[in-house]
Amino acid sequence: MRAASTHADAPASAPAPAAPAPPKEVFSLRVSSVFADASPSAASASVSAVCFAVLRMHPPAPSHSHSHSHSHSQSQQPQLSGTSASVAVSSAAAPAAAESVQDLVPLVAVAAYPSSSSKAKVSPRVVLYSLRSMRPLAVLNLEDSFQRQQELAQQQQPRVTSLTFIAPNLLFVHTNVHAAFVYDICAVLLSPSSQHDPLLTLPTNSLNFCKPHVSLFPSESGLLSCERDDSGSSNGRTSSIARFIPENSLLLCATVSIREDSDAVDLLELASMRFILRNLSQSTANSCVDDSIQTANSAKTGMVMCVRVIVFSRDDLAPQPLKVSCEDDLFSTFLVVAYESGNVVLYRLSKNDDDSVRACVVWNFKAHENPVTSLDVSPSGTFIITGAAEENFTRISTFEIIPSSNEGSMPIPKHERVLLPSGAKGCTEIKFRHDSKLIAIACWDSNVRLYSAKSLQLLGVLGSNVHKRGITCIEFGRASTSAADTSDLDLGGYGMRKQVLPSNMVAVGTEDGRVVLWQVY
């Protein structure tokens, strides 16, 4: 008999896992023509901000007049202006199953302004593009809003510095003329006019430097009660956007102090327009570790450059190496503030017996030698990423502390500095993907570099051969959790199926008026 081959009994080798597809350009939008009707000399434009959203489109509800009693003193409320508008969104409590794919409108909002070569005095505009047809759906002209800030608008080229979709169908527009505006985007889409009054105008004090952080958080965070009476209205909710905010939620806005120096931070709740915390700085906060520790550095921190709010549940904090007590609250709230000095500070917020809010410093870390130009916090809250005018970025572990060998010194967090490739020069903007697994870093050499959030390995580059001029903004898409979003929907034939808004999409805005949409890992 012939001897059996030794290879016959060997197990078949498993096929090698397929390598992830490299990043590819999906589509490129040009906004240069958005100002053609305003001035022939404004033919060229630059992109200053971009964000994604999935809107729920329903017929407008009849408008109702509401009278609110302002129970809070004028000293506790920012000076506001705004108008009411009819509700054009579905109830936040409506079941997701009732939505159809046709009700969901995936779009990208792009803020543009005339480029520096244009001599025309034209106000910025926000263009809403459909991600199904890749065509503009509406243009929001900010001229009327900017005219109210006329003095500052005449001193410099007015522009939008950031766009954020908040709550159902609300767009938060921050500008460089000491003001931020909130618009009902459904009303914009359903109206033939490009001129719309903002629902809310919020004074700010950040010019081009620090962008406010606005986001919804659970009301159980303990910082501010958000109870509703028998009629369904929220007690204390007096602002014109209150009806858009879901029940049991707080709409928190962290920004540079509105009325004081630019080295302090204010925290507001926008539905009730109440200050939760005012003029927070290192000099006004104690140490979370030891009250005897001097929290302020001998050198001044300079102005606030970046700010983020983090809310953790009690379960989230329990396994962290740093045992930050949640006391009796279901949630704990923190502020991450980056300064002109290159320092990054983590503040813990908690309530006093009289219901006022106090802050203490958890750690103070000098992340960069130059001013921090960009900062983001992973959605999981585990890591903080910072960038500056340096060829490196820093990943900070939020609650992993390096023991200090010097008694009485402020603790610092565990951190890693990562060198960028030669020629990157510095960071324009840094973003985490919404699954906390990927980091996008826009560099001064017109490249966007993609890093693994876990290993900090470079995974890919979105190249400067596509982004012809400087990058001004980047944003990840975020897959919605609505039941209708999982239907087999083809977004305009661009190969993006199964999700209304794919989470692997990245939008890159440039100075030459382009928004490039990429698909990444």
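Quantities reported herein were computed from a predicted structural model and do not represent experimental measurements. Numbering of residues starts from 1 in every chain and runs along the sequence as written. Where totals are concerned, whole chains, interfaces and linings use all residues; where local detail is concerned, this predicted model gives features only for residues with pLDDT of at least 70, and gives and counts side-chain atom pairs only at 80 or more. Heavy atoms throughout the structure, all of them, feed into the side-chain values; hydrogens and water do not.

Some words on the overall build of the chain
Labels follow the DSSP assignment, with helices taken as runs of H or I lasting at least four residues and strands as runs of E lasting at least two, numbered in each case from the N terminus. Looking only at helices and strands, the chain features four helices and 29 strands. Buried means the residue's accessible area, taken with a 1.4 Å probe over protein chains only, is under 20% of the maximum for its type, while exposed means over 50%, and partly exposed covers the values in between. By residue count, 54% of the 521 residues in the chain fall in the buried class. Nonlocal contacts in the chain, meaning residues at least 24 apart in sequence, comprise 62% of its contacts between residues at least 6 apart. As presented, the chain carries roughly 23,200 Å² of accessible surface, and 49% of it is formed by carbon and sulfur atoms. Residue contacts are defined here by distance: any two heavy atoms, one from each residue, within 4.5 Å place the two residues in contact. The method behind every accessible area is Shrake-Rupley, applied with a 1.4 Å probe, and residues are considered shielded solely by the protein chains displayed.

Regarding the sheet that holds strand 9 (residues 200-203)
The rule for pairing is simple: two strands pair if DSSP sees at least two bridges between them. Taken together, the four strands give an open sheet; going across it, the order is 6-7-8-9, and neighbouring strands pair in antiparallel fashion. Edge positions in the open sheet fall to strand 6 (160-166) and strand 9, since each of these has one partner strand only. Strand-to-strand, the axes of this sheet are offset by a mean angle of 20 degrees, without reference to chain direction. Whenever a helix is involved, its axis is fitted only over the stretch in contact; in every case the axis is a line through C-alpha atoms, and angles between N-to-C directions fall within 0 to 180 degrees.

Details of the pairing of strand 28 (residues 505-510)
Within strand 28, six of the six residues are buried, leaving the element largely enclosed by the surrounding structure. Residues Met505, Ala507 and Gly509 of strand 28 are buried on one face, and the alternating residues Val506, Val508 and Thr510, pointing to the opposite face, are buried as well. By the bridge criterion, five bridges tie strand 27 (residues 471-476) to strand 28 in an arrangement that is antiparallel. Opposite Ile474, over in strand 28, you have Val508 as the bridge partner.

Describing the packing of aromatic side chains
Side-chain rings of Phe, Tyr and Trp, where Trp is taken by its six-membered ring, are said to pair if the distance between their centres is within 6.5 Å; with planes under 30 degrees apart they count as stacked, over 60 as edge-to-face, and otherwise as tilted. Summed over the entire model, instances satisfying the criterion amount to three aromatic pairs. Ring centres of Phe334 and Phe399 lie 5.1 Å apart, and the angle between their planes is 70 degrees; on these two criteria the pair is classed as edge-to-face. Linking Phe334 in strand 16 (residues 331-339) with Phe399 in strand 21 (residues 392-402), this pair joins segments that are 65 residues apart in sequence. For Phe334, a relative accessible area of 0% puts it in the buried group. Looking at Phe399, the relative accessible area reads 1%, which means it is buried. Consider the rings of Phe393 and Tyr451, whose centres lie 4.9 Å apart with planes at 65 degrees: the pair is edge-to-face. Taken together, the residues span a long stretch of sequence, with Phe393 in strand 21 and Tyr451 in strand 25 (residues 448-452) at a distance of 58 residues.

Topic: the state of the cysteines
Disulfide: a pair of cysteine sulfur atoms within 2.5 Å of each other. Enumeration over the complete set of coordinates arrives at zero disulfides. The cysteine Cys210 is free of any disulfide, with Cys306 supplying the nearest cysteine sulfur at 6.2 Å. With a relative accessible area of 2%, Cys210 lands in the buried category. Cys443 forms no disulfide, and the closest cysteine sulfur to it belongs to Cys427, at a distance of 5.3 Å. Judged by its relative accessible area of 1%, Cys443 is buried.

Considering the pattern of salt bridges
Definition used for salt bridges: Asp or Glu carboxyl oxygen within 4 Å of a side-chain nitrogen of Lys or Arg. Taken as a whole and assessed by the stated rule, the structure comprises nine salt bridges. Measuring nitrogen to oxygen at the nearest pair gives 3.6 Å for the salt bridge that ties Asp376 to Arg308. One end of the pair, Asp376, is in strand 19 (residues 372-377); the other, Arg308, is in strand 15 (residues 304-313), with 68 residues separating them in the sequence. In this structure, the salt-bridge partner of Glu475 is Lys431, at a minimum N-O distance of 3.5 Å. One end of the pair, Glu475, is in strand 27; the other, Lys431, is in strand 23 (residues 427-432), with 44 residues separating them in the sequence. Grouping residues by exposure puts Glu475 and Lys431 together as buried. Within this structure, Lys211, Glu429, Lys431 and Glu475 form a network of salt bridges that share partners.

What is shown is where atoms sit, not what they do.
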